[in-house]
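Next come the chains, spelled out residue by residue.
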Amino acid sequence: MSDLQRLMMEPTDHHAQALFAGLSDISISQDIPVEGEITIPMRSHIREFDSSTLNESVQNTIMRDLKAVGKKFMHVLYPRKSNTLLRDWDLWGPLILCVTLALMLQRSSVDSEKDGGPQFAEVFVIVWFGAVTITLNSKLLGGNISFFQSLCVLGYCILPLTVAMLVCRLVLLAEQGPINFMVRLFVVIVMFTWSIVASTAFLADSQPPNRKALAIYPVFLFYFVISWMILTFTPQ
Amino acid sequence: MAAADELAFHEFEEASNLLAETPDAVTTSGSGQLTPQGHVAVAVDSGGSYGAEEEVEESDKTALLQEKQQPGFWTFGYYQSFFDVDTCQVLDRIKGSLLPRPGHNFVRHRLRNRPDLYGPFWICATLAFVLAVTGNLTLVLAQRRDPSIHYSPQFHKVTVAGVTIYCYVWLVPLALWGFLRWRKRVRERVGPYTFLETVCVYGYSLFVFIPTVVLWLIPVPWLQWLFGALALALSAASLVFALWPVVREDTRLVAAVLLSTVVLLHALLATGCKPLPLEPLAPPPQATSLPLNLLPPPTPRSQVT
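Residues numbered from 1 in each chain as written. Chains lettered and ligands numbered in written order. Predicted model: local features only at pLDDT ≥ 70, side-chain atom pairs only at ≥ 80, totals over all residues. Heavy atoms only, no water.

Chain B is annotated in an unreviewed UniProt entry as Protein YIPF of Lynx pardinus.

The name an unreviewed UniProt entry assigns to chain A is Protein YIPF, from the organism Lynx pardinus.

Here it is, written out as structure tokens:
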């Protein structure tokens, strides 16, 4: 330790200073945002934090994850060009949204299986395989976004369409007719545009400039199919 | 400038003919636009007006490209080479398939020996979804006219349409490619297309069906047949014009059989797409009798509301 202290006190050797410059941060317990980050600066800091997450109550753990998910929901609802969705990606939000959407789209099984609307498994498969296909497509076209970051963005941008599904189900409780259909159509179109704008705000920058349209078109198709499933939903 | 343009265009025709003869020759026109370097690389004999340094540059680039190892098929880079297209290139290829011209070979002139998988894959996906959506829409429109028709989203049609179209775009080019390679010994001048080029030709030729399927929503039968015939003509023409230089060398019988089989399969696909919208236009009395017999009486009433 004395050697290190001597080295730290000598201002001449820049190399040594750069090497050991980080050591001065050990004692400073700043709130380095660890949630979702992969690179954590100091080893001792990791040990300290790990033991605290093991010992904390379940409520703390759940609330922390829920707050992270909620923060990202806000970013989707008010899309600005920010890196939050990309930097601290998580797949909880997409899972919650996908399950909610699939549950709401499920019809009662009075109809024969063949003629019915999409079942839970179909919606699930479409959402997740659609997202995987779009991610693969954007990576093959040369985008510099990681696999899970792209899944995260696409999953979170389903939020406006889930809200549209909720609104549609509420509207369908009223009497059906052309006005009913017009209201639902309007809501779905607005939410569809919102989804596209939100996902484009996050994804467009990661593509090479002369291929942006090629990467965005599958996203458009994906949300169009989901909007179609929402619009044609009739409760029986 | 006009004279230079004329000269450039003439050279390009020769260049593409030479390209057609030697499909393995590497070209370096990366951006897909007409560049003078492209002329120099192939038409070295006829275009002596460009400087010698461009020639050297082209040969250097060619050597470099031939040295670059093709990555193994288990690496990501291998598949990335099939998606090496720009937006303008894809749009250009779509335009080329929409307007087939007899002298213009799709593979040589549009693809320039750089097939891509983006176009065929997403055109097929779009076509499958558009088929399902328009099928659903015709059912909705039919129900408005005749409220006793049982409406349901019929989501299984997406699966059926998707599987059919993808099988068509992959299996038929496979068969065609296999057949053309088998007949290779008969041909001296023109080599066969690679498998991906055949898939590309088929994939892009399906593009014309997307607006046609949307136009089939108009419930006027003769108009539907007209649109169908037009789409089939354009699509089959682009296929035939692409395949003609390759089968031209073969015996007349083989060429005729091959081309007619291609057109027949394409017509089958087109008619397969068509009845999907037509189903709900089946005579209404039959449609009403079934629900009344099989389902409890209140159900048809609830369909109307």
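Text resumes after the structure shown.
With that out of the way, let us pick up the side chain of Asp-90 of chain A. Residues and elements named next belong to chain A. Its location among the elements puts Asp-90 in the loop between helix 5 (84-87) and helix 6 (92-105). We classify Asp-90 as buried; its relative accessible area is 12%. At a separation of 2.5 Å, a polar atom in the side chain of Asp-90 contacts the side chain of Lys-72. In terms of polar contacts, Asp-90 uses its side chain to reach the backbone amide nitrogen of Trp-92, at 2.9 Å. Once residues within four sequence positions are removed from consideration, Asp-90 is found in contact with Val-69, Lys-72, Cys-152 and Tyr-156. (Helix = DSSP H or I, 4+ residues; strand = E, 2+ residues; numbered from the N terminus. Buried < 20%, exposed > 50% of the residue type's maximum accessible area, 1.4 Å probe, protein only. Polar contact = N/O pair within 3.5 Å; in protein donor to acceptor, adjacent residues only side chain to side chain. Contact = heavy atoms within 4.5 Å.)

The feature "transmembrane region" (unreviewed entry), as given by UniProt, occupies residues 89-108, 120-141, 153-173, 179-202 and 214-233 of chain A in the numbering adopted here. Taken end to end, residues 179-202 of chain A comprises 100% helix and 0% strand; its first and last C-alpha atoms sit 35 Å apart. (UniProt positions renumbered as here; feature names shortened; annotations may be inferred.)

Next up on the list: helix 7 (residues 118-145) of chain B. Look at helix 7 of chain B: 40 Å from first C-alpha to last across 28 residues, which is about the 40 Å you get at 1.5 Å a residue. When you tally the buried positions in helix 7 of chain B, you get 21 out of 28 residues, the bulk of the element. (Expected span 1.5 Å × (residues − 1).)

A few words now on helix 7 (residues 120-140) of chain A. Look at helix 7 of chain A: 30 Å from first C-alpha to last across 21 residues, which is about the 30 Å you get at 1.5 Å a residue. Of the positions making up helix 7 of chain A, those classed as buried are Val-123, Ile-126, Val-127, Trp-128, Gly-130, Ala-131, Ile-134, Thr-135, Asn-137, Ser-138 and Leu-140 of chain A. Turning to helix 7 of chain A, the residues buried within the fold contact helix 6, helix 8 (147-156) and helix 11 (212-231) of chain A together with helix 4 (76-80) and helix 7 of chain B. One or two residues past the end of helix 7 of chain A sits Gly-142 of chain A, with phi positive at roughly 105°.

A few words now on the confidence of the model for chain B. All names here are of chain B. On average, residues of chain B score 70 in pLDDT, and 62% of them are at 70 or above. Across chain B, the secondary-structure element scoring lowest on mean pLDDT is helix 2 (residues 36-42), at 40, and the one scoring highest is helix 10 (residues 209-215), at 90. Counting interchain partners and residues more than four positions distant, the pLDDT-below-50 stretch residues 1-6 has zero contacts. In the predicted structure, residues 276-305 sits below a pLDDT of 50 and forms 21 contacts with residues beyond four places in sequence or in another chain. Scoring of the predicted complex yields 0.70 for pTM and 0.71 for ipTM. (pLDDT = per-residue confidence, 0-100.)

Residues and elements named next belong to chain B. If you trace the backbone, Leu-206 turns up in the loop between helix 9 (195-205) and helix 10. C-alpha of Leu-206 to C-alpha of Arg-252: the two residues are 46 residues apart in sequence and 27 Å apart in space. Each residue touching Leu-206, except ones within four places of it in the same chain, is listed here: Ile-123, Cys-124, Leu-127, Ile-165, Val-169, His-266 and Leu-269.

For the structure on display, the rule yields 18 aromatic pairs over all chains. Considering the side-chain rings of Phe-120 of chain A and Phe-124 of chain A, the 5.6 Å spacing of their centres and the 20° angle between planes classify their relative orientation as stacked. Placement of both Phe-120 of chain A and Phe-124 of chain A in helix 7 is noted, with a separation of four residues, approximately one turn of the helix. On the basis of relative accessible area, Phe-120 of chain A is assigned to the partly exposed category, the value being 28%. Its relative accessible area of 25% is what places Phe-124 of chain A among the partly exposed residues. With a centroid separation of 5.2 Å and 85° between ring planes, the pair formed by Tyr-78 of chain B and Tyr-79 of chain B is classed as edge-to-face. Of the residues examined, Tyr-78 of chain B reaches a relative accessible area of 23% and is grouped as partly exposed. By way of ring pairs, the aromatic residues Phe-192, Tyr-217, Phe-220 and Phe-224 of chain A are connected into one cluster. (Phe/Tyr/Trp six-rings, centres within 6.5 Å; stacked < 30°, edge-to-face > 60°.)

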